[in-house]
Amino acid sequence: MNTYNNVLELVGDTPLVKLNKITHNLKGSFYAKLEWFNPGLSVKDRVALYIIEKAEKEGRLKPGSTVCETTSGNTGFAVAMVCRIKGYKCILAVSDKTGPQKIAYLQAMGAKVYVCPANVPADDPKSYYETAKRIAKETPNSIYINQYFNEENIAAHHSTGKEIWEQTDGKVTHVVICSGTGGTISGVGRYLKEKNPNIRILGVDAYGSAIKKYHETGELDSKEIYPYKIEGLGKNLIPSATDFSVVDRYVKVTDEDAAYKASEVALTEGLFIGYTGGAVTQGLFEFEDEFDENSVVVTVYPDHGSKYMDRIYNKKWMEKYEYTNHPLQEIIDEAKIEYIEEDTEVRTEPYDFYVI
């Protein structure tokens, strides 16, 4: 009987699926690790479960405790889910860049949510970093996950690296991963570099983020920082949960290219990926010079597209930002709704979402 004691036993062991169409002009073999097969639909389930269970073992979490965290949505949902199962209260601070649909997910899981301005410095008292930190200090019997500056974020992803190694029979040559807190790319990178130091660890950053420049120069350049739309990618600070020593190279991608690539993957591969998944797919093309016919390339798709129906899969949202040059526009134009109504002609309207 394939039964489980609770939903947390489903975290990890996510599938690796070959990409067949979207990468056909690139040299090598390409695979995507589908992290939305975690029960919270994202890679962040690994982090939340690992850190909370470690805190339990160390006696820092006790019955009636509160767990606080800074999140762009996915980590918060994972933390809230784990707290529901284990009986802890959950308080989350998000930026106002986080979509309303994601905030609704957090509320549905019983979390208290503070929405903070995105376009303020990280050390501003109103930032979501400082807000979560303050609430944790003011709340008795609480812990702060602190994913951006918590070494355990990296340790949580040794499991991800181990799975990639085993799923490719040790043949992986490149891993392409989005870099936000840096936990995923660092944990995977550390594990795989120990197995084979020749494996290339390639990071994807966003225009408007300081991560790539810091990797290249060791300096935080404020000129690199400006508003952008991709959630969970890049940062306006340098997270200590990023081990830059295991990352070989970074590229940056635009909001627009990432949005197009997400729906391209859905329309070519049938994989309904999120905004960061679109970003990492665009990164494959930015890294084209890294690959040859013998390359075995693994990318990580962090979450599911259902969390972005009010954004990149919404035609009105895309048009608002003039993202109207989709390479698969003909397919999109065919997606219509036809209403069959009594005693009237068939009424046809364009569909608001890019993917059905």
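Basis of the calculations
- Residues numbered from 1 in each chain as written.
- Predicted model: local features only at pLDDT ≥ 70, side-chain atom pairs only at ≥ 80, totals over all residues.
- Heavy atoms only, no water.
- Helix = DSSP H or I, 4+ residues; strand = E, 2+ residues; numbered from the N terminus.
- Rg over C-alpha atoms; globule rule 2.2 N^0.38 Å.
- Buried < 20%, exposed > 50% of the residue type's maximum accessible area, 1.4 Å probe, protein only.
- Contact = heavy atoms within 4.5 Å.
- Areas by Shrake-Rupley, 256 points an atom, 1.4 Å probe, with all protein chains shown as cover.
- Lys, Arg positive; Asp, Glu negative; His and termini not counted.
- Charge placed at Lys NZ, Arg CZ, Asp CG, Glu CD.
- Core = buried A, V, L, I, M, F, W, Y, C linked by side-chain atoms within 4.5 Å.
- Phe/Tyr/Trp six-rings, centres within 6.5 Å; stacked < 30°, edge-to-face > 60°.

## With respect to the overall build of the chain
The helix and strand tally for the chain stands at twelve helices and twelve strands. Against the 2.2 N^0.38 benchmark of 21 Å for 356 residues, the chain shows a C-alpha radius of gyration of 20 Å, consistent with a compact globule. By principal-axis analysis of the C-alpha atoms, the chain measures approximately 65 × 55 × 55 Å. Taken over 356 residues, the chain has a buried fraction of 54%. Of the contacts made within the chain by residues no fewer than 6 positions apart, 72% connect residues no fewer than 24 positions apart. Accessible area for the chain stands at about 15,900 Å²; split by element, carbon and sulfur atoms hold 48% of it. Measuring between centres, the 41 positive side-chain charges of the chain sit 7 Å from its 52 negative side-chain charges.

## Regarding the nonpolar core
Across soluble globular proteins, you tend to see nonpolar side chains buried next to one another. Judged by nonpolar contacts, the single largest core of 41 residues is most densely connected at V176, Y275, Y301 and I312. At the level of elements, strand 2 (29-34), strand 7 (174-178), strand 8 (200-206), strand 9 (249-253), helix 9 (255-269), helix 10 (275-286), strand 10 (296-301) and helix 11 (315-320) are the ones that each hand at least two residues to this core. If near-sequence neighbours (up to four positions away) are discounted, Y301 is found in contact with L19, A32, K33, L34, E35, W36, V265, L271, I273, G277, V280 and T281. Counting 27 residues, the second-largest nonpolar core is a separate cluster that includes L8, A48, C83 and I143.

## Here we look at the side chain of Q282
Looking at the element boundaries, Q282 is found in helix 10. With residues near it in sequence (within four places) discarded, Q282 still touches V253, D257 and K261.

## Focus: the packing of aromatic side chains
The full count for this structure, using the stated rule, is 13 aromatic pairs. When the ring of Y129 is compared with that of Y148, the centres are 5.2 Å apart and the planes differ by 75 degrees; the resulting orientation is edge-to-face. Here Y129, found in helix 4 (residues 128-138), pairs with Y148, found in the loop between strand 6 (142-144) and helix 5 (151-155); they are 19 residues apart in sequence, far enough to count as distant. Judged by its relative accessible area of 7%, Y129 falls in the buried class. Measuring from ring centre to ring centre gives 6.1 Å for W317 and Y323, while their planes differ by 75 degrees; the resulting arrangement is edge-to-face.

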